[in-house]
Amino acid sequence: MDTADFFEIHRFASVDSTNEAVKRAAAAGATEGWLAVADEQTAGKGRRGRSWASPPGESLYFSFLLKPDLAPALLPQVTIVAGLAVAYAIRRELQLPALIKWPNDIVIGGKKVCGILTEAFSCGGGTAVVVGIGINVNTAAFPKELQDRATSLFLERSGSGNAAPVDRDALLMAVLAAYAEGYARFMEEGSLAKIREAYEALMVSLGNEVRIEDPAGAYTAVCRGIGADGAMRIALPDGTEQMVSSGEISVRGLYGYV
Ligand code: BTN
């Protein structure tokens, strides 16, 4: 699928949150692919009620509308498609070793460079989805308390000898092209079967021990990949395999964020 055929791009100098801009547009009748990209967000949202710092002139903040004809339980899978698209675009555009921290984050060198906030909402009697993506692009420095957990593409590229600012628009277009392609493959079957292998190849946790923070009690397991529904496949110490879905748990590396 062609990017230009799928996405209808709307640019904002400043907006509260691009996720909210998409929801407002959906309420006013916008169709699938309606996209908001902002230079600045005044109320950028992260997951779990956190805020997402969104100063002007620096990074990428964008969200788009999906109206997949799928059961609501399958909707989180669009986040999996987004994670793969961002990691893939960063690798192809900038030759940086981006990996996916299942299911919502992209990391480079163990530090977060991108977060994804997918929200389902009621729209015209059905369920629609907004996928919101924040990428730390040209951030030159992070507050002290974030320095060991957050990075930007500019910082990573400078570290390998190229201190030129990253072209935000070229990166946006690369992510959108990768998303349009991955989403088309996903919708062909309504499952992740066709992109699963590519996704697993970029999972930061694959084959590693992870800590599963289940509300019923935390435990340790080895990440074995994902299922066709996007849940993480884990092996327990007794060798049995289980699936864990992102709504229920959070996954940490044994010794820190990844
Ligand atoms: C997270 O890691 O907590 C998710 C962060 C998602 C941030 C993006 S920026 C564009 C879109 N608009 C928002 O208000 N949030 C998402």
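In this text, all values refer to a predicted model and were calculated from it rather than measured experimentally.

The rules behind the values
- Residues numbered from 1 in each chain as written.
- Predicted model: local features only at pLDDT ≥ 70, side-chain atom pairs only at ≥ 80, totals over all residues.
- Heavy atoms only, no water.
- Helix = DSSP H or I, 4+ residues; strand = E, 2+ residues; numbered from the N terminus.
- Expected span 1.5 Å × (residues − 1).
- Buried < 20%, exposed > 50% of the residue type's maximum accessible area, 1.4 Å probe, protein only.
- Polar contact = N/O pair within 3.5 Å; in protein donor to acceptor, adjacent residues only side chain to side chain.
- Core = buried A, V, L, I, M, F, W, Y, C linked by side-chain atoms within 4.5 Å.
- Domains from an automatic or database assignment.
- Contact = heavy atoms within 4.5 Å.
- Axes fitted to C-alpha atoms, helices over the stretch in contact; angles between N-to-C directions.
- Parallel < 35°, antiparallel > 145°, perpendicular 65-115°, else oblique.
- Left-handed = near helix turned anticlockwise from the far one by under 90°.
- Nonpolar A, V, L, I, M, F, W, Y, C, P; charged D, E, K, R; others polar.

Looking at this model, I keep getting lost on helix H5 (residues 168-189). Mind explaining?
Residues lying three or four places apart along an α-helix face the same way, a consequence of the helix completing one turn every 3.6 residues. The terminal C-alpha atoms of H5, which comprises 22 residues, lie 32 Å apart, in line with the 32 Å expected from a rise of 1.5 Å per residue. Within the span of H5, buried status applies to Leu-171, Leu-172, Ala-174, Val-175, Leu-176, Ala-178, Tyr-179, Ala-180, Gly-182, Tyr-183, Ala-184 and Phe-186. Its side-chain oxygen 3.0 Å from the backbone nitrogen of Asp-169, Asp-167 forms the N-cap of H5. Phi turns positive, to about 65°, at Gly-190, one or two residues after H5.

So what exactly am I meant to see when it comes to the nonpolar core here?
Side chains of nonpolar character tend, in soluble globular proteins, to be buried together. Among the nonpolar cores identified, the biggest contains 62 residues, and Phe-62, Ile-90, Val-131, Ile-133, Ile-135, Leu-153 and Tyr-179 are the most heavily contacted of them. Residue contributions to this core reach at least three from each of two domains, namely domain 1 (3-201) and domain 2 (209-253). When sequence neighbours within four positions are dropped, the list of residues in contact with Val-131 reads Asn-19, Phe-62, Ser-63, Phe-64, Leu-66, Val-78, Ala-82, Ile-116, Leu-117, Thr-118 and Tyr-179. Counting 14 residues, the second largest nonpolar core, distinct from the first, contains Val-22, Ala-25, Ala-26 and Ala-38.

What's the story with the packing of helix H3 (residues 77-94) against H5 in this structure? I'm lost.
Relative orientation and spacing of two packed helices are given, respectively, by the angle between their axes and the distance between those axes. Where H3 meets H5, the axes come as close as 8 Å, and the angle between the chain directions of the two elements is 135°. Relative to H5, the element H3 lies oblique. The two elements H3 and H5 cross, and the hand of that crossing is right-handed. Between H3 and H5, the residues in contact are Gln-77, Val-78, Val-81, Ala-82, Ala-85, Val-86, Tyr-88, Ala-89, Ile-90, Arg-92, Glu-93 and Leu-94 and Ala-170, Leu-171, Ala-174, Val-175, Ala-178, Tyr-179, Gly-182, Tyr-183 and Phe-186, respectively. The residue makeup of the contact of H3 with H5, split by class, is 17 nonpolar, two polar and two charged.

Just geometry here; none of it tells us what the structure is for.
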